[in-house]
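This is what each chain is made of:
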Amino acid sequence: MATSKASVATATVPNDLEPYWMPFTANRAFKARPRLVVRAKDMHYFTAEGRKLIDGSAGLWCTNAGHNRDPIVAAIQRQAAELDYAPAFQFSHPKAFELASRVASLAPGDLDHVFFCNSGSEAVDTALKIALAFHNVRGNAARVRLIGRERGYHGVGFGGIAVGGIVGNRKMFGALIAGVDHLPTTYNRAEQAFTVGEPEWGGHLAEALEGLVALHDASTIAAVIVEPVAASTGVLPPPKGYLQRLRAICDKHGILLIFDEVITGFGRLGYAFAAERYGVIPDMITFAKGVTSGSVPMGGVLVRKGIYDAFMRGPEHVIELFHGYTYSAHPLACAAGLATLDLYRDENLFERARKLEAPWAQAAMSLKGLPNVLDIRPVGLTVGIDLASKPDAVGKRGFEAMELAFHEQDLMIRGVGDTLALSPPLIVSESQIGEIFDKVGKIIKAVA
Ligand SMILES: Cc1ncc(COP(=O)(O)O)c(C=O)c1O
């Protein structure tokens, strides 16, 4: 008789690294020399051997309130004991409504309705679908085109990779979705290198949207989606005036403007949302990550009142939007979200990030002149540091820096190709900022 896998598993299976196919990871390199953490608290991760690493990347741009904060942990524990799950379709639970109100109250203008999901990728696909459906319910079914931007990252759903602008995320996955076009990237090293914050040059690049309108006609375009700061491809702040011009062109042509704030939301740029920092109100904001400080998966889309209202018609027993997830507004995520928003408020963490922006930028810029440093782009409490690629080995220097940071400098950072991306929890202290950049400087010299 064959032994079942399960009975073997309970007895003898070793802690084998092989079965887990890791996401966006060089699996073979990882499994040859793993980077595992087993515990975290506030600004630090801990390894099984007891090493203490300072977190320079807020996990994956998400633990904005710091790790394992007591009020968030307690809220999750309480919720798990009280209500594990409520059906998301046709039923709900009070914390879902409470969290929607709290998130909406942080957003500018009439961005006052929230559709919940479980990740940034789902938030993006949800927003794109709402855009298409919005035009549809208003009788503009020909508005089907979606406009993204080169170097944009909008997660990994088919919608997100279609509007995204990263070749590696697109080229293996067929024709993606039809009718997508892209704006040019706002980054130009020759014009912008070593700028602190938003570059002077590049606002005019928003006019490329007029070019796409001329090519496709506005009557075929549903929405434009951009990250206010394109974070995942190396922290590319918007040139001055760029987002305002995009907003004006979208208004002129009846095109919806979506800000993907999965990273820029919840304090990364010193405000609840980048929309507030830049004084531009988009039609939708996607969020995830920081809403629960990374503690429980959650994402969502903030939509303007007019968009929500456009759907609220027809017989009242009929579903208005055929979209949703089993775990939309999951009770654990809502409890975590409410506790997280309390912490952001009670500890003034968005304001703290705003105050730390100048010392953060100054410390980052101190790395200028180190070997291979081609550009440094601090904005808010994040920075991208471009290193020159090794000849014929694009991405290797960045990979080595990330590895060396973990194994030898007790620092967690992100390597994106040959760019180092830093984004600490918003509770970081000025001395920890000094510690982080001191370590990064050593790493850059070591990988020279
Ligand atoms: C701007 C943006 N959109 C979407 C996503 C996708 O989020 P998730 O990985 O939660 O699906 C990310 C992730 O980094 C992101 O930065």
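One can find the structure itself at the top, above this paragraph.
Small disclaimer: the values here were computed from a predicted structure and weren't measured.

Visitor: Before we go on, may I ask you to explain the overall build of the protein in this structure?
Guide: Scanning the protein from N- to C-terminus turns up 17 helices and 15 strands. The C-alpha atoms of the protein give 22 Å as radius of gyration, which agrees with the globular expectation for 448 residues (22 Å, within 12%). Looking at the protein as a whole, 54% of its 448 residues qualify as buried. For the protein, the proportion of contacts with a sequence separation of at least 24, taken over those separated by at least 6, is 73%. Carbon together with sulfur atoms contributes 56% to the accessible area of the protein, which is approximately 19700 Å² in total. Across the protein, the 45 positively charged side chains and the 46 negatively charged ones have centroids separated by 3 Å.

Visitor: Quick question: what am I supposed to make of the nonpolar core here?
Guide: The nonpolar side chains of a soluble globular protein tend to be buried with one another. Of all hydrophobic cores here, the largest spans 97 residues; its most connected members are Val103, Phe273, Leu302, Ile385, Leu422 and Phe437. Setting aside its immediate chain neighbours within four residues, Leu302 contacts Val103, Ala104, Ala107, Leu111, His113, Val114, Phe273, Asp283, Met284, Ile285 and Phe287. With 23 residues, the next largest nonpolar core counts Val124, Ile130, Leu146 and Ile307 among its residues.

Visitor: Would you mind going over the site of the ligand with me for this structure?
Guide: Taken together, Ser119, Gly120, Ser121, Tyr153, His154, Gly155, Glu227, Ser232, Asp260, Val262, Ile263 and Lys289 form the complete shell of residues around the ligand. Between the ligand and Ser121 there is a distance of 2.6 Å, counted from an oxygen atom to a side-chain nitrogen or oxygen. Asp260 has a polar side-chain atom sitting 2.7 Å from a nitrogen atom of the ligand. For the ligand, whose unbound accessible area comes to 390 Å², protein coverage reaches 83%. Taken together, the residues that form the shell around the ligand break down as 3 nonpolar, 6 polar and 3 charged.

Visitor: How should I be thinking about the pairing of strand β12 (residues 382–387) in this particular structure?
Guide: Each regular strand displays side chains that alternate between the two surfaces of the sheet. Among the 6 residues in β12, 6 count as buried, and that is most of the element. Every second residue of β12 is oriented toward a common face, with Thr382, Gly384 and Asp386 on one face and Val383, Ile385 and Leu387 on the other, all of them buried. Bridge analysis of strand β11 (residues 373–379) against β12 gives 6 bridges, and the strand direction is antiparallel. Residue Ile376 lies in a different strand from β12, and its bridge partner there is Ile385. Where β11 folds back on β12, the antiparallel hairpin that results is connected by 2 residues, among which Gly380 adopts a positive phi of roughly 55 degrees. Here 4 bridges tie β12 to strand β15 (residues 419–422), and the two strands are oriented antiparallel to one another.

Visitor: Please explain empty space enclosed by the protein as it appears in this structure.
Guide: Over the atoms, a rolled probe matching the size of one water molecule traces out where space is still vacant. One pass over the full model with this rule turns up 2 cavities of 30 Å³ or more. In this structure, the largest cavity occupies an estimated 40 Å³ of space. Lining the largest cavity we find Tyr187, Gln192, Thr195, Gly197, Pro199, Pro237, Asp375 and Arg377. What lines the second largest cavity is Gly152, Tyr153, His154, Gly155, Gly160, Ile161, Gly164, Gly165, Ile166 and Asn169. The residue inventory of the lining of the second largest cavity, partitioned by class, reads 3 nonpolar, 7 polar and no charged.

Visitor: Please explain the packing of aromatic side chains as it appears in this structure.
Guide: For any pair of aromatic rings, the description rests on two quantities: the centre-to-centre distance and the angle between the ring planes. Using the criterion set out here, one finds 8 aromatic pairs in the structure. Taking the centre distance of 5.9 Å and the plane angle of 75 degrees together, the rings of Phe266 and Phe287 count as edge-to-face. With Phe266 in the loop between β8 (256–260) and α12 (274–278) and Phe287 in strand β9 (residues 284–287), the pair connects residues that are 21 residues apart, well separated along the chain. For the pair formed by Phe266 and Phe287, the shared burial category is buried. Between Tyr344 and Phe350 the ring centres are 5.0 Å apart and the planes differ by 45 degrees, which places this aromatic pair in the tilted class. Pair check on accessibility: Tyr344 and Phe350 agree, each one buried. Pairwise contacts between aromatic rings join Phe116, Phe266, Phe273, Phe287, Tyr344 and Phe350 into one cluster. Across the ring face of Phe46, the terminal group of Arg39 is positioned such that the distance to the ring centre comes to 4.1 Å.

Calculation notes
- Residues numbered from 1 in each chain as written.
- Predicted model: local features only at pLDDT ≥ 70, side-chain atom pairs only at ≥ 80, totals over all residues.
- Heavy atoms only, no water.
- Helix = DSSP H or I, 4+ residues; strand = E, 2+ residues; numbered from the N terminus.
- Rg over C-alpha atoms; globule rule 2.2 N^0.38 Å.
- Buried < 20%, exposed > 50% of the residue type's maximum accessible area, 1.4 Å probe, protein only.
- Contact = heavy atoms within 4.5 Å.
- Areas by Shrake-Rupley, 256 points an atom, 1.4 Å probe, with all protein chains shown as cover.
- Lys, Arg positive; Asp, Glu negative; His and termini not counted.
- Charge placed at Lys NZ, Arg CZ, Asp CG, Glu CD.
- Core = buried A, V, L, I, M, F, W, Y, C linked by side-chain atoms within 4.5 Å.
- Near = heavy atom within 4 Å.
- Polar contact = N/O pair within 3.5 Å; in protein donor to acceptor, adjacent residues only side chain to side chain.
- Nonpolar A, V, L, I, M, F, W, Y, C, P; charged D, E, K, R; others polar.
- Pairing = 2+ DSSP bridges.
- 1 Å grid on protein atoms, 1.4 Å probe; cavity = no way out; pocket = protein on both sides within 12 Å on 5 of 7 lines; lining within 4 Å.
- Points joined across faces, edges and corners; volume = space filled by probe spheres on them.
- Phe/Tyr/Trp six-rings, centres within 6.5 Å; stacked < 30°, edge-to-face > 60°.
- Lys NZ or Arg CZ within 6 Å of the ring centre and 35° of its normal.

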